[in-house]
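# Structural overview
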Amino acid sequence: MSRKVILDVDTGSDDAVAIMLAALHPEIDLVAVCSVKGNQPLANTTENTKRVLDLVKSDVPLYKGCKFPVVRDVCPWRIEFDNRATAVDENGKPFYIHQDFNSLPESTRKEEAKPASVFYAEYFAEPKDTTIVAVGPLTNLATAILINPDMVENVEELVIMGGGDIDANSSSCSEFNIFADPEAAQLVFQAGFKRIVLCPLDVTHKAMVTKDDCKRFVEIGTPAALFADKMCQTRIEVHTQCQPLTLPDACALHDPLCIAYLIDPSVITKMEYLHVDVSLSGMTDGATIVDHRYFQNNRNVHICYDGDRKKFVDIMCDAFKLSK
Ligand code: RIB
Ligand code: CA
């Protein structure tokens, strides 16, 4: 029985692979996609999402989301995003892990008139056997909760790519999706969703994709497989120059791991049920604070710490073979 999924993205190179995996894999019934400001401004993440949906020939509705974080941009005391991982090509020209606009053809697709947060608030006005997978800043979801707080009981499961217990990428102790809108994340983590599964950097930095895995994508040769290879090659180069992982010639492919977990939960090999808070100020602004004490009594998040790298890549290969 396929899982009904709503995917919330800030497309983004790894978001693009998550969209393709969700749209192509038979175990996922992609109900809707929502865009949010994150890796790029909202206009860019929305256009990039449309282009990827065109590539996989998906007719799923797209809801445009929030253009700004809940309050972060109006708080002058917030620490700035201190370094965008910048690699340089053979000519010394800088390039990044997420392009302003991806290389796919411009889309003519129209987004729905309804804003993403209103869509969430109305869709989950009653119990739905639908899972939300949020792989960008949590602004849309936080806004939806403010509109309809009761929606949290009607979401089957919420899977989030974000945060880091030990690992960080946007300040000394924060991960981008949470750092970009900490108040939204704290609202979501404490809102009372029935089940939250968090895929932080601690697991996505282990479930890596290597250059050898990319050779499999090229051998598959379909439009989705070749685009996934293209996204990974750029990511591998940036990781190699700016954020080396434990395997050489490898990249983290954060967002699709959340979809792979829904397809086959055994792709996650270590998960703990703990309390997670989000810091909203000072040097730890945007950090996810995980309570590891044995006696804690307000556990709210199932946090993933390790995964099966090979199974993750196999799941993506199975889906990309179906792209036409
Ligand atoms: O920190 C990684 C996360 O931030 C990923 O979701 C990536 O797409 C960016 O949104
Ligand atoms: Ca993302």
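Use the structure listed above.
These numbers were taken from a predicted model, which means no experiment stands behind them.

## So, the coordination of the calcium ion (ligand 2)
Every protein donor of the calcium ion (ligand 2) is listed here as Asp 10 (OD), Asp 15 (OD), Asp 15 (OD), Val 135 (O) and Asp 255 (OD), and their distances to the metal cover 2.2 to 2.7 Å. On the primary sequence, the residues serving as donors to the calcium ion (ligand 2) are separated as D-x4-D-x119-V-x119-D. Of this pair, Asp 15 sits in helix 1 (residues 13-24) while Val 135 sits in the loop between strand 6 (130-134) and helix 4 (139-147), and the two are 120 residues apart along the sequence. No difference in accessibility class separates Asp 15 from Val 135, as the two residues are buried.

## Here we look at the sheet that holds strand 11 (residues 268-278)
Here nine strands make up an open sheet; going across it, the order is 3-2-1-6-7-8-13-11-12 and the pairing mixed. Unpaired on one side and paired on the other, strand 3 (62-64) and strand 12 (288-291) mark the two borders of the sheet. Strand-to-strand, the axes of this sheet are offset by a mean angle of 30 degrees, without reference to chain direction. Here helix 1 sits on the sheet in contact with strand 1 (3-9) and strand 2 (28-35), set at roughly 160 degrees to strand 1. Across the face of the sheet, helix 10 (residues 254-263) comes into contact with strand 1, strand 2, strand 6, strand 7 (157-161), strand 8 (196-199) and strand 11 while running at roughly 150 degrees to strand 7.

## Some details on the site of ligand 1
Around ligand 1, a shell composed of 13 residues is seen, among which Asp 14, Asn 169, Glu 175, Asn 177 and Asp 255 lie nearest. Within the side chain of Glu 175, an N or O atom sits 2.6 Å from an oxygen atom of ligand 1. With respect to ligand 1, the side chain of Asn 177 contributes an N or O atom lying 2.8 Å from an oxygen atom. Expressed as a share of its isolated accessible area of 280 Å², the protein-covered part of ligand 1 is 97%. Put simply, the parts of the chain that give the shell around ligand 1 at least two residues each are helix 1, helix 5 (176-179) and helix 10. Class assignment for the residues of the shell around ligand 1 results in three nonpolar, five polar and five charged.

About the thresholds
Residues numbered from 1 in each chain as written. Chains lettered and ligands numbered in written order. Predicted model: local features only at pLDDT ≥ 70, side-chain atom pairs only at ≥ 80, totals over all residues. Heavy atoms only, no water. Donors = N, O, S within 2.8 Å, 3.2 Å for Na, K, Ca; no water. Helix = DSSP H or I, 4+ residues; strand = E, 2+ residues; numbered from the N terminus. Buried < 20%, exposed > 50% of the residue type's maximum accessible area, 1.4 Å probe, protein only. Pairing = 2+ DSSP bridges. Axes fitted to C-alpha atoms, helices over the stretch in contact; angles between N-to-C directions. Contact = heavy atoms within 4.5 Å. Near = heavy atom within 4 Å. Polar contact = N/O pair within 3.5 Å; in protein donor to acceptor, adjacent residues only side chain to side chain. Areas by Shrake-Rupley, 256 points an atom, 1.4 Å probe, with all protein chains shown as cover. Nonpolar A, V, L, I, M, F, W, Y, C, P; charged D, E, K, R; others polar.

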